[in-house]
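One letter stands for each residue in the lines below.
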Amino acid sequence: MHERMNRVAVVTGAANGIGWATAQRWAQEGYRVALLDLNIEAVQTRAAELGQPHIGLACDVASESSVTAAIAAVMSAFGRIDALANNAGIGDQAGPTVAQNVEAFDQVLAVHLRGTFLMSQAVARVMLQATPAATGECGSIVNLGSIASSTGLPARNAYSAAKAGIVGMTRAMASEWARDGIRVNAVAPGYVRTALINELERKGALDAQGIAHRTPLGRMADPAEIAEAIVFLGSGRASYITGAVLPVDGGWTAFGGPESTLRPVAEPACA
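The structure displayed is predicted, hence computed values, not measured ones. (Residues numbered from 1 in each chain as written. Predicted model: local features only at pLDDT ≥ 70, side-chain atom pairs only at ≥ 80, totals over all residues. Heavy atoms only, no water.)

Asks: Would you take a moment to explain the overall build of the protein chain for this structure?
Replies: Helix and strand counts for the protein chain stand at nine helices and seven strands. For the protein chain, whose C-alpha radius of gyration is 19 Å, the value lies close to the compact-globule estimate of 18 Å for 271 residues. Counting only C-alpha atoms and orienting by the principal axes, one finds that the protein chain spans roughly 55 × 50 × 35 Å. Across the 271 residues in the protein chain, those meeting the buried criterion constitute 47%. Long-range pairs, those at least 24 residues apart, make up 68% of the contacts in the protein chain between residues at least 6 apart in sequence. Carbon together with sulfur atoms contributes 55% to the accessible area of the protein chain, which is approximately 13,000 Å² in total. The positive charge centre, built from 20 side chains, and the negative charge centre, built from 23, are 5 Å apart in the protein chain. (Helix = DSSP H or I, 4+ residues; strand = E, 2+ residues; numbered from the N terminus. Rg over C-alpha atoms; globule rule 2.2 N^0.38 Å. Buried < 20%, exposed > 50% of the residue type's maximum accessible area, 1.4 Å probe, protein only. Contact = heavy atoms within 4.5 Å. Areas by Shrake-Rupley, 256 points an atom, 1.4 Å probe, with all protein chains shown as cover. Lys, Arg positive; Asp, Glu negative; His and termini not counted. Charge placed at Lys NZ, Arg CZ, Asp CG, Glu CD.)

Asks: What exactly am I supposed to notice about helix 2 (residues 17–28) here?
Replies: For an α-helix, 3.6 residues make a turn, and residues three or four places apart therefore share a direction. Helix length check: helix 2 (twelve residues) gives 17 Å between terminal C-alpha atoms against 16 Å at 1.5 Å per residue, within 8%. The inward-facing, buried residues of helix 2 contact strand 1 (8–12), strand 2 (32–37), helix 3 (40–50), strand 4 (83–86) and helix 9 (223–234). Positive backbone phi, at 100°, marks Gly30, one or two positions downstream of helix 2. (Expected span 1.5 Å × (residues − 1).)

Asks: I keep staring at the side chain of Arg32 and nothing clicks. Help me out?
Replies: Structurally, Arg32 can be placed in strand 2. Notably, Arg32 is buried but unbridged: the nearest opposite-charge side chain belongs to Asp82, and the N-O separation is 6.1 Å. A distance of 2.6 Å separates a polar side-chain atom of Arg32 from the backbone oxygen of Asn6. (Salt bridge = Lys/Arg side-chain N within 4 Å of Asp/Glu carboxyl O. Polar contact = N/O pair within 3.5 Å; in protein donor to acceptor, adjacent residues only side chain to side chain.)

Asks: Before we go on, may I ask you to explain the packing of aromatic side chains in this structure?
Replies: The way to describe two aromatic rings as a pair is by their centre distance and the angle between their planes. Using the criterion set out here, one finds two aromatic pairs in the structure. Measuring from ring centre to ring centre gives 6.0 Å for Trp26 and Tyr31, while their planes differ by 45°; the resulting arrangement is tilted. Sitting over the face of the ring of Tyr159, Arg156 holds its NZ or CZ atom 4.3 Å from the ring centroid. (Phe/Tyr/Trp six-rings, centres within 6.5 Å; stacked < 30°, edge-to-face > 60°. Lys NZ or Arg CZ within 6 Å of the ring centre and 35° of its normal.)

Asks: Got a minute to help me understand unusual backbone geometry in this structure?
Replies: Put simply, Gln52 and Pro53 share a cis peptide bond, and its omega is 5°. Inspection of the secondary structure puts Pro53 in the loop between helix 3 and strand 3 (55–58). The backbone of Ala155 shows a phi angle near 75°, a positive value even though the residue is not glycine. For Ala155, a relative accessible area of 28% corresponds to the partly exposed category.

Asks: Would you take a moment to explain the pairing of strand 5 (residues 139–144) for this structure?
Replies: For strand 5, the buried fraction is high: six of the six residues fall into the buried class. The side-chain alternation of strand 5 yields two buried faces, one formed by Gly139, Ile141 and Asn143 and the other by Ser140, Val142 and Leu144. Bridging between strand 4 and strand 5 involves four bridges; their strand directions are parallel. Note that in strand 5 the partner of Asn86 across the bridge is Asn143. Between the parallel elements strand 4 and strand 5, the chain passes through helix 5 (residues 102–127) in a crossover that is right-handed. In this structure, strand 5 lies alongside strand 6 (residues 182–189), joined through six bridges in parallel fashion. Along strand 6, the bridge assignment pairs Ser140 with Arg183. Crossover connection from strand 5 via helix 6 (residues 157–177) to parallel strand 6: handedness right-handed. (Pairing = 2+ DSSP bridges. Right-handed = clockwise from strand over helix to strand, strands pointing away.)

Asks: Is there a simple way to think about the side chain of Asp37 in this case?
Replies: Along the chain, Asp37 falls in strand 2. Here Asp37 is buried and forms no salt bridge, its nearest opposite-charge partner Arg46 lying at an N-O distance of 8.3 Å. Here the side chain of Asp37 touches Ala15 through a polar contact of 3.2 Å, landing on its backbone nitrogen. Apart from residues no more than four positions distant in its own chain, Asp37 is found in contact with Gly13, Ala14, Ala15, Val43, Leu57, Ala58 and Cys59.

Asks: Please explain the sheet that holds strand 4 as it appears in this structure.
Replies: In a beta sheet, neighbouring strands are held together by backbone hydrogen bonds and run either parallel or antiparallel to one another. Strand order in the open sheet formed by seven strands is 3-2-1-4-5-6-7, with parallel pairing between adjacent strands. In the strand order of this sheet, the two ends are held by strand 3 and strand 7 (245–248), each with one partner. Between one strand and the next, the sheet's axes are offset by a mean angle of 20°, whatever the strand orientation. With four bridges joining them, strand 6 and strand 7 adopt parallel strand pairing. (Axes fitted to C-alpha atoms, helices over the stretch in contact; angles between N-to-C directions.)

Asks: Explanation requested: the environment of Val184 in the structure shown.
Replies: Checked against the element boundaries, Val184 lands in strand 6. Classification of Val184 as buried rests on a relative accessible area of 0%. Between the C-alpha atom of Val184 and that of Ala244, which follows or precedes it by 60 residues, the distance is 7.8 Å.

Next comes the structure, spelled out in structure tokens:
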């Protein structure tokens, strides 16, 4: 079997959105993919869409026992793990800070932050025992940050705290495991055109036009564009990159001027 075809990627939150796009992209790269999601029926359907030898597994990333069982199942099926994308997440509670409740706050941190920790810990235990490739690499982990990792989103306290924490944890793990041959990086997406975003827009809970105008590139991202960055950082093409946070946000975090300095979205960017 070709070396690349022998490699294994694990993707959490793989049933939809960025996770599904990432699973598809890694499969295109020739990796065997383990798709993990809380919704077992949905993720097994996705794995079936990809076909053999890809697998779909149930996993609650906030539960240590569930993570342990899922990684054991991956190892039983494939015998190795070369790359991990920590994508699983949930939405923040709506409403002003003074009306938010701590249970909902804790749940967001549990899924995003503890989930990233537990998955990284479990996969690193596998990678630390792996035989290094010719490049000295034993594996790669890519975490999902956000524009909320570095900018203020009003009332989105738990989500912002979790995403900022993920960036800090990315740097800590990258520094700890660099000489063990494990690279750890993060991508920080802006607004992405997912089914959730479409539903929020339909309900009038999200100003898609305003977001497009505030984004220098004038639109939201497609999930496949985020997946492209994740797979790049997770692959050997990024062999000298670790501890990095790659914004994939259409220029959102780079832009610091008045919104009036941006041309209307309808105007073409070039002739």
